[in-house]
Structure formats: C-alpha cells, structure tokens
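# Notes for the structure review
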Amino acid sequence: MSDTPQHPHHDRHEGHEAFGEAEQAREGVKHAERELPAAQQPRLIIVGPQGSGKGTQGARIAELFGIPAISTGDVFRAHVRDQTELGAQVKSVIDAGDLVSDDLTFALLRDRLSQGDTGSGFLLDGFPRNIAQLGLLDGFLAPRDEALTAVIELDVPREVSISRLAERARVEGRADDTDEAIAKRLDIYERETAPILEVYRDHGLVDQIDGVGSLEAVTDRIIRALAERGISA
Ligand code: ADP
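Residues numbered from 1 in each chain as written. Predicted model: local features only at pLDDT ≥ 70, side-chain atom pairs only at ≥ 80, totals over all residues.

### Looking at the overall build of the protein
A count of helices and strands for the protein gives 10 helices and five strands. Counting all 233 residues of the protein, 27% fall into the buried class. Restricting the contact set of the protein to residue pairs at least 6 apart, pairs at least 24 apart contribute 76%. (Helix = DSSP H or I, 4+ residues; strand = E, 2+ residues; numbered from the N terminus. Buried ≥ 20, exposed ≤ 12 C-beta atoms within 10 Å, placed from the backbone. Contact = placed C-beta atoms within 7 Å.)

Structure below.
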C-alpha cells in the first residue's frame, strides 16, 4: 500500500556497520523521533458527517504518520462479512443506520487500542460517536497518560455529504447506504456526535478543516493544521 515500511527502524538496522558518520548521525535523529515521549505521539480523532470523507482522509493521515487508523465501522463490517457471532449480533442495527451499543463498541475499541501497534499513536475514525463514548475513551486513555493530540473536524455542507453518499451507494453498495439509513445516520450525527466536538473544542483540541476539494487539497489542509500544533510526520 505504501513505500513506507511498517517498522522503519527494523530495516534501518540492516547494514548498520556500513553506515558512514552522517548516516549514523541521521539514524540517531530518527531513533530519537521514534521514541517520542507519550505526550508527543499523534493520538488523533477524525470526526465528520457521513460522506465527509473522514474514512479516506483518516487512512491517508494515519499512513503518513505511520500510525494505525482504527475505524469502528470497518471493524463491524469485517465481522458482518466474516459472519462472526458479533457480526450476526450487529448486522441489523448497522443496516438500519442505528448505533451499536456503547458497551459493545467500546469493548472492541479497547481491545484494539491495547494492541502494540498503537504505541506510536493512533487515529480513530468513528469513535467516539456520542458523549457517553467520549467518557469511556477518556477513562481508558487518562490512566495510561495518553492524552489526545488533536481532533480533526471535517466540515462539509449537507448537500455535499448527500451527493457523495449517493455516489458511494452506487459504487460500493453498502447495506446501510439506503436513503432511509443515510437520513437516520445524518440525524444521529447532528444530535449525538456533533456535541462531542463542543467538548473537545473546550479543550482546545479541534482543528476544523474544510472538507470540500480534491483528496490532496483536503489532506494538505489537515497536514498544515497538525503542523501548527507541532505534529509533523
Ligand atoms: P458512517 O460514518 O458512514 O455512518 P461508519 O463506517 O463510521 O459509517 O459506521 C457504520 C456503522 O457502524 C454505524 O452506522 C454504526 O451502526 C456502527 N458504528 C460505527 N462506529 C460506532 C460507534 N462508535 N458506536 C456505535 N456504533 C458504531
């Protein structure tokens, strides 16, 4: 998927002896970067209405920073596709455009966040989706001393969201991209998800990004906003 190795430091050890002084010095710098203190690791959340492009932009940003993009929607869809017990339990809820219960969703997220690859940071897409989930996430991260670094809010007008979703329905055929389920998800977004942005805004964490434009243009805007916070890849 990318030229960037998953664990660049492993590769760098190969042929280490052959490194000249300049390379060794650079290696030292990279080494220092890799071991950033917990407070400086990118722990990001991307939030936006359905059709805002948050999944796509989240994956691009995560790849750039070498951190896992964790999408609760993708995790659920994988369970449905693989016909697991959990998949059977959540399928009808998801297809109707409703939210899966907070407890079940958080249990999955907690397991995922406990895996080793989140040590250098992570990007969450689709969690938290309401104030209760925000509290659950906070309760998990606080004792680990892993404060969030930034919350990226992708801002798109409702007409743009709806036309992108119509296109996605045509191309991908997601079971929850029916008119009825889309309307329900957008309503839930306005009513339950948008309020989490107010909480994060009060903590100075939100970067509001204009989500209209080419993929590259939107990614660039996100990168610039993060750079202003001192977060760069
Ligand atoms: P979208 O943003 O287009 O609604 P997602 O892929 O983020 O799509 O989520 C798809 C579905 O998965 C949601 O409609 C919901 O049923 C379920 N889901 C995903 N994340 C959560 C969450 N944090 N809490 C509850 N349900 C969730």
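Alright, that's what it looks like, and here's the rest.
### A word on the site of the ligand
If you check the shell around the ligand, you find 17 residues, and the closest are T72, G73, L99, V100 and G126. For the shell around the ligand, the secondary-structure elements that each account for two or more residues are α4 (72–81) and α5 (85–95). Here the shell around the ligand takes three residues from α4, the largest share from any one element. Split into classes, the residues belonging to the shell around the ligand amount to six nonpolar, seven polar and four charged. (Near = placed C-beta within 6 Å. Nonpolar A, V, L, I, M, F, W, Y, C, P; charged D, E, K, R; others polar.)

### Description of the nonpolar core
Formed by 29 residues in total, the largest nonpolar core has its most connected members in L44, I46, L123 and I152. Elements represented by at least two residues in this core include exactly β1 (43–47), α3 (54–65), β2 (69–71), α6 (102–113), β3 (122–125), β4 (150–155), β5 (206–210) and α10 (215–228). Beyond its immediate sequence surroundings of up to four residues, I152 is in contact with L44, I46, D207, I209 and I222. (Core = buried A, V, L, I, M, F, W, Y, C linked by C-beta atoms within 7 Å.)

### What to know about the environment of D210
Within the secondary structure layout, D210 lies in strand β5. Taking the number of C-beta atoms within 10 Å as the measure of exposure, D210 has 11 and is therefore exposed. For the pair D210 and S52, spaced 158 residues apart in the sequence, the C-alpha separation amounts to 9.7 Å. Other than its neighbours up to four places away in sequence, D210 contacts D155 and R221.

### A word on the pairing of β3
Of the two faces of β3, the one carrying F122 and L124 and the one carrying L123 and D125 are both buried. Inspection of the sheet shows β1 paired to β3 by four bridges, in the parallel sense. Counterpart to R43 in the pairing with β3 is F122. In this sheet, β3 lies alongside β2 in parallel orientation, the contact comprising three bridges. Bridge pairing in β3 places S71 opposite D125. (Pairing = 2+ DSSP bridges.)

### Some thoughts on the sheet that holds β5
In space, the five strands of this open sheet follow the order β2-β3-β1-β4-β5, with parallel pairing throughout. Here the strands that pair on one side only, and so sit at the sheet edges, are β2 and β5. Across this sheet, the average inter-strand angle for adjacent strands is 20 degrees, counted without regard to direction. Together, β1, β2, β3 and β4 form the strand contacts of α3, whose direction differs from that of β3 by roughly 175 degrees. (Axes fitted to C-alpha atoms, helices over the stretch in contact; angles between N-to-C directions.)

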